[in-house]
Amino acid sequence: MIKVVNVHKYFKDRHILKDINFEVKKGETLVIIGGSGSGKSTLLKLLIGLLRPEKGKIFIKDEEISQMTEAQLDKIRLKMGMVFQYSALFDSMSVGDNVGFGLKEHGKMRKEQIRQIVEEKLKMVELEGFADFMPNELSGGMKKRVSLARAIAFEPEILLYDEPSSGLDPITSAKIDDLIVQMQKLLGVTSIVVTHDMNSAFYIADRIAMLYNGEMIAIGTPEEIKKSTDNRVLEFINVSKERKR
Ligand SMILES: Nc1ncnc2c1ncn2[C@@H]1O[C@H](COP(=O)(O)OP(=O)(O)OP(=O)(O)O)[C@@H](O)[C@H]1O
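Each value, and the rule that gives it
Residues numbered from 1 in each chain as written. Predicted model: local features only at pLDDT ≥ 70, side-chain atom pairs only at ≥ 80, totals over all residues. Near = placed C-beta within 6 Å. Helix = DSSP H or I, 4+ residues; strand = E, 2+ residues; numbered from the N terminus. Nonpolar A, V, L, I, M, F, W, Y, C, P; charged D, E, K, R; others polar. Domains from an automatic or database assignment. Contact = placed C-beta atoms within 7 Å. Core = buried A, V, L, I, M, F, W, Y, C linked by C-beta atoms within 7 Å. Buried ≥ 20, exposed ≤ 12 C-beta atoms within 10 Å, placed from the backbone. Axes fitted to C-alpha atoms, helices over the stretch in contact; angles between N-to-C directions. Parallel < 35°, antiparallel > 145°, perpendicular 65-115°, else oblique. Left-handed = near helix turned anticlockwise from the far one by under 90°. Pairing = 2+ DSSP bridges.

Let's talk about the site of the ligand
The full set of residues close to the ligand is Phe11, Ile16, Gly34, Ser36, Gly37, Ser38, Gly39, Lys40, Ser41 and Thr42. Residue contributions to the shell around the ligand peak at three residues, all from helix α1 (residues 40-47). Among the residues forming the shell around the ligand, the class breakdown is two nonpolar, seven polar and one charged.

Observations concerning the domain arrangement of the protein chain
One widely used convention gives an interface's size as the accessible area the parts lose upon coming together. According to the domain assignment, the protein chain contains domain 1 (2-79 + 156-241) and domain 2 (91-148). For domain 1 versus domain 2, the separation of C-alpha centres amounts to 26 Å. Listed by partner, the interface residues are eight residues for domain 1 and seven residues for domain 2. The residue makeup of the side of domain 1 that touches domain 2, split by class, is five nonpolar, two polar and one charged.

Things to note about the nonpolar core
Burial of nonpolar side chains together is a common tendency in soluble globular proteins. Judged by nonpolar contacts, the single largest core of 60 residues is most densely connected at Val31, Ile32, Ala149 and Leu160. Here this core spans two domains, since at least three of its residues come from each of domain 1 (2-79 + 156-241) and domain 2 (91-148). With sequence-adjacent residues up to four places away left out, Val31 is seen in contact with Val193, Thr195, Ala201, Ile204, Ala205 and Ile208.

Some points on the packing of helix α3 (residues 95-106) against helix α4 (residues 111-124)
Where α3 contacts α4, the two axes come as close as 9 Å, and the packing angle between them is 125°. Of the possible angle classes, the one that applies to α3 and α4 is oblique. The handedness of the crossing between α3 and α4 comes out as right-handed. Residues Gly96, Val99, Gly100, Leu103 and Lys104 of α3 form the contact with α4, whose participating residues are Ile114, Ile117, Val118, Lys121 and Leu122. Of the residues assigned to the contact of α3 with α4, the class counts are six nonpolar, two polar and two charged.

Focus on the sheet that holds strand β2 (residues 14-24)
Read across the open sheet, the four strands follow the order β2-β1-β4-β5; overall the sheet is antiparallel. Each of the sheet's edge strands pairs with one partner strand only, and the pair in question is β2 and β5 (63-64). Relative to β5, strand β4 (residues 55-60) runs antiparallel, the two being bridged by two bridges. Following the sheet pairing, Phe59 is matched in β5 by Glu64.

Concerning the pairing of strand β10 (residues 215-220)
As defined by bridge partners, strand β9 (residues 207-212) adjoins β10 across five bridges and the pair is classed as antiparallel. Residue Leu211 lies in a different strand from β10, and its bridge partner there is Met216.

Overview of the packing of helix α5 (residues 140-151) against helix α6 (residues 170-187)
One way to put it is that α5 packs onto α6 with a least axis distance of 10 Å and a crossing angle of 15°. The angle between α5 and α6 falls in the class roughly parallel. Relative to α6, the crossing made by α5 is right-handed. Contacts between α5 and α6 pair Gly141, Lys144, Arg145 and Leu148 from the former with Thr172, Lys175, Ile176 and Leu179 from the latter. Class assignment for the residues of the contact of α5 with α6 results in three nonpolar, two polar and three charged.

Below, the structure written as structure tokens:
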């Protein structure tokens, strides 16, 4: 479903991503971990075509996207939903209008049809009846769920999450984790999740990949990652799990 081959990304003369290679199979959830500045968000941006690699190829459903025009990318993006780190809702629009925004922009749907889809997606994230609320009337966790409802409005085959649990308390972030797993089960989506939260990573991942200074230094199942012999991986997962003093 997603294939990244020998990808390099530079910002000016800074080499940010170095020879990245991985594949994500249909229906799989890959979690990307790594320290601040290791290149996780940059990698997500490459996958939705917001950035282009200087070298290498990125395939989304067998189509190579790194050389595509904006119009071609727009078509591919319809197959992808993105949940942004800070929810990225439009504050001046109601929850319902936020969720239905893409449908209104892209689709040739009638108002009533959009309203139905919006309600259905809000129900999936347990926010039934919240369509008329404004974003500033919601908690951080609710905003994340609205963002997820918007991301699934087009029934994408791929979902990308940028730190879905950042800024949330442990109980709310566990709820978001359950929703991520549910999306995989109910919709069969292929997901890539960037997170700092190791509890969440081990819970939702089929496989975990670790970035370190722009290199992918490990990729494997949670069990394989736990058994890694690379100190950089062990240190990261242990430090992230519990801090000792
Ligand atoms: N548009 C940009 N222009 C120049 N440098 C950038 C740009 N975006 C990111 N960088 C740099 O690329 C590196 C990787 O950034 P990125 O945001 O991908 O890291 P990250 O792993 O997502 O970090 P965090 O966990 O803190 O969000 C950083 O050194 C950052 O300063």
